[in-house]
Amino acid sequence: MEFLSAVHTDKGIKKNTNQDSVLIKEAVTDYGKVFLAVVCDGMGGLAKGEVASATLVRAFSDWFENKFPAFLYEKRNVDGIDRIEMENDLNRVILDVNERIAGYGRKNYVALGTTVAMILFAEDKYYIMNIGDSRVYRLKEGTISQLTKDQTFVQKEIDQGRMTSEEARNHPQRNVLLQCVGASEVIIPEFEHGIYESDEVYMICSDGFRHVIKEEEFVKMMAPEKVNTEKELQNAAVYFTELNKSRQEKDNISVILLKTC
């Protein structure tokens, strides 16, 4: 299967630096094309957030190039890639980077951290990992679905029945994270997996890309039938970035758009 892709990142209207980091990697293998997309949101309220996000993105790039091939070719089971073993390996990457970032912070007397949303496409499956509130969405057949689960105060309140989704959307503590890489002693990533098909759009984004945009607005412009080229994907990424800015979104804004075809 082929992948169309677009990447766009912007420091936004308020911050002096862009603390987000993004990554896409593609490779042709004996099992077809494989594709990795990562968005990391360096913590806006913490110093050196760009160091944290860039460190984690580099770690994922190294993992894809040097360690993922073993899962694709050697560490297989009857279903193909051994998902559990691969998730365990990704967790080790996170723990290593968490300690490295925390060590940098201790050495330099600063606090820093980053969220992450990652999706890997291999054979006919997708594998997702997230920490914090960066997200992965899927658009297909006129609908949009959030494939990740936020690790936030408001999500915990929703899960325990003390808050509705609408209340969470406007809650003053909506940005309070329960975990982030580099600033949490204990890191437990959220993992998800499933089957992907042709003619789907995947959106991997920092929270700044989606705070002030309604889901139906994304569907209206980015439904699979509306974006048939990489240029159209890029136009959609830029359009929503500028729409965010016009609506006074103050955070950094980053997105990766992928279409399967």
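Our structure is the block above this text.
Note that the structure is a prediction, hence the values are computed from the model and not measured.

Undergrad: For the overall build of the protein chain, give the residues involved together with the corresponding values.
TA: Along the protein chain, the regular secondary structure elements total seven helices and twelve strands. Against the globule reference of 18 Å for 261 residues, the protein chain gives a C-alpha radius of gyration of 18 Å, in line with a compact fold. If you line up the protein chain on its principal axes, its C-alpha atoms span 45 × 45 × 40 Å. The 261 residues of the protein chain split such that 52% are buried. Here the contacts in the protein chain between residues at least 6 apart in sequence split such that 71% fall between residues at least 24 apart. Taken as a whole, the protein chain presents about 12,000 Å² of accessible surface, with 48% of it coming from carbon and sulfur.

Undergrad: Tell me about the sheet that holds strand β3 (residues 32-41), and name the residues and values.
TA: If you walk across this open sheet you meet the five strands as β2-β3-β6-β7-β10, and the pairing is antiparallel. For this open sheet the edge positions go to β2 (20-29) and β10 (190-195), each flanked by a neighbour on one side alone. For this sheet, the mean angle separating the axes of adjacent strands, direction not counted, is 10 degrees. With seven bridges joining them, strand β6 (residues 116-122) and strand β7 (residues 125-131) adopt antiparallel strand pairing. The residue bridging Met118 from the neighbouring strand is Met129, located in β7.

Undergrad: Outline the nonpolar core, listing residues and values.
TA: Counting 32 residues, the largest nonpolar core has Val38, Phe60, Trp63, Phe68, Met86 and Leu120 as the members making the most contacts within it. Of all the secondary-structure elements, those providing two or more residues to this core are β3, α1 (49-66), α2 (68-73), α3 (83-108), β6 and β7. No other element matches α1, which puts seven residues into this core. Residue contacts for Trp63: discarding those within four places in its chain leaves Phe68, Phe71, Met86, Asp89, Leu90, Val93 and Leu120. Of all hydrophobic cores here, the second largest spans 22 residues; its members include Leu139, Ile144, Val219 and Phe240.

Undergrad: Outline the packing of aromatic side chains, supporting the account with residue identities and numerical values.
TA: In total, this model carries 14 aromatic pairs according to the counting rule given. Taking 5.0 Å as the distance between ring centres and 75 degrees as the angle between the ring planes, the aromatic pair formed by Phe121 and Tyr202 counts as edge-to-face. Of this pair, Phe121 sits in strand β6 while Tyr202 sits in strand β11 (residues 200-205), and the two are 81 residues apart along the sequence. With respect to class, Phe121 is no different from Tyr202; both count as buried.

Undergrad: Run through the packing of helix α6 (residues 215-222) against helix α7 (residues 230-246), naming residues and quoting values.
TA: Interaxial distance between α6 and α7 falls to 11 Å at its minimum, and their mutual angle equals 150 degrees. Between α6 and α7, the interaxial angle falls into the category roughly antiparallel. The two elements α6 and α7 meet at a crossing, and its hand is right-handed. On α7, the residues that touch Glu217, Phe218, Met221 and Met222 of α6 are Asn235, Ala236, Tyr239, Phe240 and Leu243. Taken together, the residues of the contact of α6 with α7 break down into seven nonpolar, one polar and one charged.

Undergrad: Give a detailed account of α3, specifying residues and quantitative values.
TA: Under the 1.5 Å per step criterion, the end-to-end length of α3 is 37 Å for 26 residues, consistent within 8% with the ideal 38 Å. Turning to α3, its buried residues are Met86, Glu87, Asp89, Leu90, Val93, Ile94, Val97, Asn98, Ile101, Ala102 and Gly105. On its buried side, α3 packs onto α1, α2, β5 (80-81), β6, β7 and β10. Taken from the residues just after α3, Tyr109 is the one with a positive phi, measuring 55 degrees.

Undergrad: Lay out α7 in plain terms, naming residues and giving numbers.
TA: An ideal rise of 1.5 Å per residue puts 24 Å on 17 residues; α7 measures up with 24 Å between its terminal C-alpha atoms. Among the residues of α7, Leu233, Ala236, Ala237, Phe240, Thr241, Leu243, Asn244 and Lys245 are the ones counted as buried. The secondary structure elements touched by the buried residues of α7 are β1 (3-10), α6 and β12 (253-260). Residue Gln248 follows α7 closely and has a positive phi angle near 70 degrees.

Undergrad: So what's going on with unusual backbone geometry? Which residues, and what values?
TA: Notably, Glu123 is not glycine yet its phi reads approximately 55 degrees, a positive angle. Position of Glu123 relative to the elements: it lies in the loop between β6 and β7. Unlike most non-glycine residues, Asp199 shows phi in positive territory, near 70 degrees. Residue placement: Asp199 occurs in the loop between β10 and β11.

The rules we used
Numbering of residues starts from 1 in each chain and follows the order in which that chain's sequence is written. Local features in a predicted model are, by the rule used here, given only for residues with pLDDT of at least 70; side-chain atom pairs are given and counted only at 80 or more, and totals for whole chains, interfaces and linings are based on all residues. Side-chain metrics rest on all non-hydrogen atoms present in the structure, leaving aside hydrogens and water. Only DSSP runs of H or I covering at least 4 residues are called helices, and only runs of E covering at least 2 are called strands; the numbering of each starts at the N terminus. In this setup the radius of gyration rests on C-alpha atoms only. A globule is expected at 2.2 Å times the number of residues raised to 0.38. Relative accessibility decides the category of a residue: with a 1.4 Å probe and only protein chains considered, values under 20% of the type maximum give buried, values over 50% give exposed, and everything between is partly exposed. Whether two residues are in contact is decided by their heavy atoms: any pair within 4.5 Å suffices. Computed with a 1.4 Å probe, the accessible areas rest on the Shrake-Rupley method; for each residue, only the protein chains presented here act as cover. Pairing between two strands requires that DSSP report at least two bridges joining them. For helices, the fitted axis covers only the stretch in contact; all axes are lines through C-alpha atoms, and the angles between them, taken along N-to-C directions, range from 0 to 180 degrees. Throughout, nonpolar core names a set of buried Ala, Val, Leu, Ile, Met, Phe, Trp, Tyr and Cys residues whose side chains join them through atoms within 4.5 Å. Any two rings among Phe, Tyr and Trp, with Trp reduced to its six-membered ring, count as a pair given centres within 6.5 Å; such a pair is stacked if its planes are under 30 degrees apart, edge-to-face if over 60, and tilted if neither. Working definition: roughly parallel below 35 degrees, roughly antiparallel above 145 degrees, roughly perpendicular at 65 to 115 degrees, and oblique for all remaining angles. Crossings are assigned a handedness: left-handed for a near helix turned anticlockwise from the far helix by less than a right angle, right-handed for a clockwise turn. Residue type decides the class: Asp, Glu, Lys and Arg count as charged, Ala, Val, Leu, Ile, Met, Phe, Trp, Tyr, Cys and Pro as nonpolar, and the leftover types, Gly among them, as polar. One less than the number of residues in a helix, times 1.5 Å, gives the span that helix is expected to have.

So far we have only geometry, and geometry alone does not tell us how the molecule works.
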